[in-house]
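Next come the chains, spelled out residue by residue.
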Amino acid sequence: MADQARPVSWNQFLEKTGEQYSYKSQLIAQLEKDLRIIYSDHDAETIYKETLQILSEKVHSNQLGELLYRIDLNEHVAQNCMDQESPIDCITAAILSREAQKVYFRIQYSQGT
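**Q** Summarise helix α3 (residues 44–60); cite the residues concerned and give the values.
**A** Under the 1.5 Å per step criterion, the end-to-end length of α3 is 25 Å for 17 residues, consistent within 8% with the ideal 24 Å. Along α3, the residues that are buried comprise A44, T46, I47, Y48, E50, T51, I54 and L55. With a side-chain oxygen lying 3.3 Å from the backbone nitrogen of E45, the N-terminal cap of α3 falls on D43.

**Q** I'd like a description of the packing of aromatic side chains, backed by residues and values.
**A** Here the structure, examined in full by the defined rule, presents 2 aromatic pairs. With a centroid separation of 6.4 Å and an interplanar angle of 45 degrees, the aromatic rings of F105 and Y109 are classed as tilted. Placement of the pair is F105 and Y109 together in helix α6 (residues 87–111), with a separation of 4 residues, close to one helical turn. Relative accessible area serves as the criterion here: at 38%, F105 is assigned to the partly exposed category.

**Q** Which residues make up the packing of helix α2 (residues 24–35) against α6, and what values do they have?
**A** Their axes nearest at 9 Å, the elements α2 and α6 cross at an angle of 125 degrees. Between α2 and α6, the angle falls in the class oblique. For the element pair α2 and α6, the recorded crossing hand is right-handed. Facing α2, whose interface residues are Q26, L27, Q30, L31, D34 and L35, α6 presents I95, L96, E99, A100, K102, V103, R106 and I107. Of the residues contributing to the contact of α2 with α6, the split by class is 8 nonpolar, 2 polar and 4 charged.

**Q** Please provide a residue-by-residue account of the side chain of T46, values included.
**A** Along the chain, the position of T46 falls in helix α3. Within the local environment of T46, its side chain forms a polar contact with the side chain of D43, the two groups lying 2.6 Å apart. If near-sequence neighbours (up to four positions away) are discounted, T46 is found in contact with Y39, S40 and D41.

**Q** For the environment of L64, give the residues involved together with the corresponding values.
**A** Following the sequence through the fold, L64 ends up in helix α4 (residues 64–71). The class of L64 is buried, set by a relative accessible area of 10%. Separated by 10 residues in sequence, L64 and I54 place their C-alpha atoms 9.5 Å apart. Contact partners of L64, with chain neighbours within four places excluded, come to L55, K58, V59, M82 and I91.

Conventions adopted
Residues numbered from 1 in each chain as written. Predicted model: local features only at pLDDT ≥ 70, side-chain atom pairs only at ≥ 80, totals over all residues. Heavy atoms only, no water. Helix = DSSP H or I, 4+ residues; strand = E, 2+ residues; numbered from the N terminus. Expected span 1.5 Å × (residues − 1). Buried < 20%, exposed > 50% of the residue type's maximum accessible area, 1.4 Å probe, protein only. Polar contact = N/O pair within 3.5 Å; in protein donor to acceptor, adjacent residues only side chain to side chain. Phe/Tyr/Trp six-rings, centres within 6.5 Å; stacked < 30°, edge-to-face > 60°. Axes fitted to C-alpha atoms, helices over the stretch in contact; angles between N-to-C directions. Parallel < 35°, antiparallel > 145°, perpendicular 65-115°, else oblique. Left-handed = near helix turned anticlockwise from the far one by under 90°. Contact = heavy atoms within 4.5 Å. Nonpolar A, V, L, I, M, F, W, Y, C, P; charged D, E, K, R; others polar.

See the structure below:
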């Protein structure tokens with residue numbers, strides 16, 4: 001999943017899910033809670049860039065592991081990202097996908113479907 005996600009894919013994903021399922025605001029709230037950030041804007045490009053910046057800071061302060069644990073990113077996915085040409089881009093995409101998955105499942109189970 002993370003290998004396919006890039007900024008363009010994330011943008012399309014966020015816009016599509018926001019229109020189809022009306023959970024864009026819940027997704028942004030989940031991201032802000034887990035990443036402990038307030039995004040300057042809620043467009044997909046800003047979310048991606050600011051998430052990437054936070055992850056870069058976490059790497060330099062040796063706090064990435066703690067963040068990945070808090071987000072509940074699969075260890076195998078994180079390890080695969082470390083083998084990529086741009087690990088931070090891969091991890092960013094994986095985190096955004098994982099957060100979207102959490103929101104999607106929460107909505108599905110709260111609706112009883």
